[in-house]
Amino acid sequence: MERIYLDNAATTRVRPEVAAEVLPIMTEIYGNASSVHAFGREAKKALEKARGQVAAAIGAKKEEIYFTAGGSEADNWAIKGAAHQLRKKGNHIITTAIEHHAVLHTCQSLEKEGFAVTYLPVDEYGLVTASQVEEAITPETILVSVMMANNEIGTIEPIAEIGAVCKKHKVLFHTDAVQAIGHVPVDVNAMNIDLLSMSGHKFYAPKGVGALYIRTGVRLTNLIDGGAQERMRRAGTENLPAVVGMGKAIELICAEMEESNQRLTAMRDHLIQGILDAIPETRLNGHPTRRLPGNVNISIRYIEGEALLLSLDMAGIAGSSGSACTSGSLDPSHVLLAIGLPHEIAHGSLRLTIGHDNTMEEMDKVLAELPKIVDRLRAMSPLYADRER
């Protein structure tokens, strides 16, 4: 059976060009970048090359990039590090109701320490506005954290406008750009971003590596103490193979961004329109145009999401119902509830995320299979049978 992978928001396949770059780092340039001998110096050179590649992708300085174990660590470090560093100045943090759990749970953890957190609501498309942020700022506000693009519904937030508000009020601005990198042009200076999180496995690099951009002059308390790695700000021997892979992957995806986005958007729009036309009582979640080029999120009424995903998997199609980090949960997506969907509709949502390896022919195969699966599941649904009573 041919298998179709449409869960690229959860993780991506490492590109062959990236794997080719990584292999010598595991077998030839295997020294510790902190060592002073020739093996260490070779490793250090590879580490700093990757740091420069990541910095160039977002318009940052090389020395403003700090490697982490992933996006969740970067989010935790940015938010906890800023909160603890600035606690004497204030205790108020602003974020949104649709952030990834790496941000939401971090903020909830800080609330237990006495910090006050404002969770801004979003509109029906998942958008928050700069004016909402400005209205929420108080003299106690020390940090604003708003994701660049939502991982579930694909909505792209007005980051530059929010950044301008934060700069005006002299409040630190963090953005979780995990889903945006490689799909949304990023310039940390033009967007007035002070802290930015990213994760390599979302753009065809290995898992287990991420980065935090920290603007020069911004001080954070350390999240991980120990050795002197990452200029004494993040202890632990750098995961050099993954770091090198991340550098190569971000260089590739940013160089190809315009052409890739056009191709992904064409497949996305074909899939969205095909589903909405073929299956009654469906709705698109997220902004219709201001969305990630590969993101399709559709609610299908009278369908239970888990049954839909299992049926798709049996047909060789891999999708999801929301964030991969909460796929084991039976609770409906907090993002879908935040945009106003009732529980029963939020439970029947399907997220298909398109990537570098997908083709238009695969989209047509999904459009051939999905309506049949929905018809079969609805035929077994008492809610569907009772819908007109």
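The structure displayed is predicted, hence computed values, not measured ones. (Residues numbered from 1 in each chain as written. Predicted model: local features only at pLDDT ≥ 70, side-chain atom pairs only at ≥ 80, totals over all residues. Heavy atoms only, no water.)

This next bit is on the sheet that holds strand β6 (residues 172-176). Across the sheet, which stays open at both edges, the 7 strands sit in the order β2-β8-β7-β6-β5-β3-β4 with mixed pairing between neighbours. Strand pairing shows two members of the sheet lacking a second neighbour, β2 (65-68) and β4 (116-120), which therefore form its edges. Each neighbouring strand pair of the sheet contributes to a mean axis angle of 20 degrees, computed without reference to strand direction. Across 3 bridges, the pairing between strand β3 (residues 92-96) and strand β5 (residues 141-145) is parallel. (Pairing = 2+ DSSP bridges. Helix = DSSP H or I, 4+ residues; strand = E, 2+ residues; numbered from the N terminus. Axes fitted to C-alpha atoms, helices over the stretch in contact; angles between N-to-C directions.)

Bringing the side chain of Arg51 into the picture now. If you trace the backbone, Arg51 turns up in helix α2 (residues 38-58). For Arg51, a relative accessible area of 2% corresponds to the buried category. Here the side chain of Arg51 touches Glu48 through a polar contact of 2.9 Å, side chain to side chain. Once residues lying within four places of it in the same chain are set aside, the contact partners of Arg51 are Lys62, Ile65, Tyr66, Phe67, Glu230 and Arg231. (Buried < 20%, exposed > 50% of the residue type's maximum accessible area, 1.4 Å probe, protein only. Polar contact = N/O pair within 3.5 Å; in protein donor to acceptor, adjacent residues only side chain to side chain. Contact = heavy atoms within 4.5 Å.)

Taken in spatial order, the 3 strands line up as β9-β10-β12 in an open sheet, and their pairing is antiparallel. Edge strands, defined here as strands with exactly one partner in the open sheet, are β9 (282-284) and β12 (349-353). Strand-to-strand, the axes of this sheet are offset by a mean angle of 25 degrees, without reference to chain direction. In this sheet, β12 lies alongside strand β10 (residues 295-300) in antiparallel orientation, the contact comprising 5 bridges. Its bridge partner lying in β12, Val296 is registered against Leu352.

Moving on, we get to the state of the cysteines. All told, the structure shown has 0 disulfides when counted by the stated rule. There is no disulfide at Cys166, and the cysteine sulfur nearest it, in Cys107, is 13 Å away. Note on Cys166: relative accessible area 0%, which makes it buried. (Disulfide = S-S within 2.5 Å.)

This part is about the pairing of β12. Counting buried positions along β12 yields 5 of 5 residues, so the element is predominantly enclosed. Burial of the side chains of β12 extends over both faces: Ser349, Arg351 and Thr353 are buried on one face and Leu350 and Leu352 on the other.

Turning our attention to the packing of aromatic side chains. The tally for this structure, following the rule as stated, stands at 2 aromatic pairs. With 5.7 Å between their ring centres and 35 degrees between their planes, Tyr30 and Phe39 make a pair best called tilted. Measuring from ring centre to ring centre gives 5.9 Å for Tyr66 and Trp77, while their planes differ by 80 degrees; the resulting arrangement is edge-to-face. Of this pair, Tyr66 sits in strand β2 while Trp77 is found in helix α3 (residues 71-85), placing the two residues 11 residues apart along the sequence. Just as Tyr66 is buried, Trp77 falls in that class too. (Phe/Tyr/Trp six-rings, centres within 6.5 Å; stacked < 30°, edge-to-face > 60°.)

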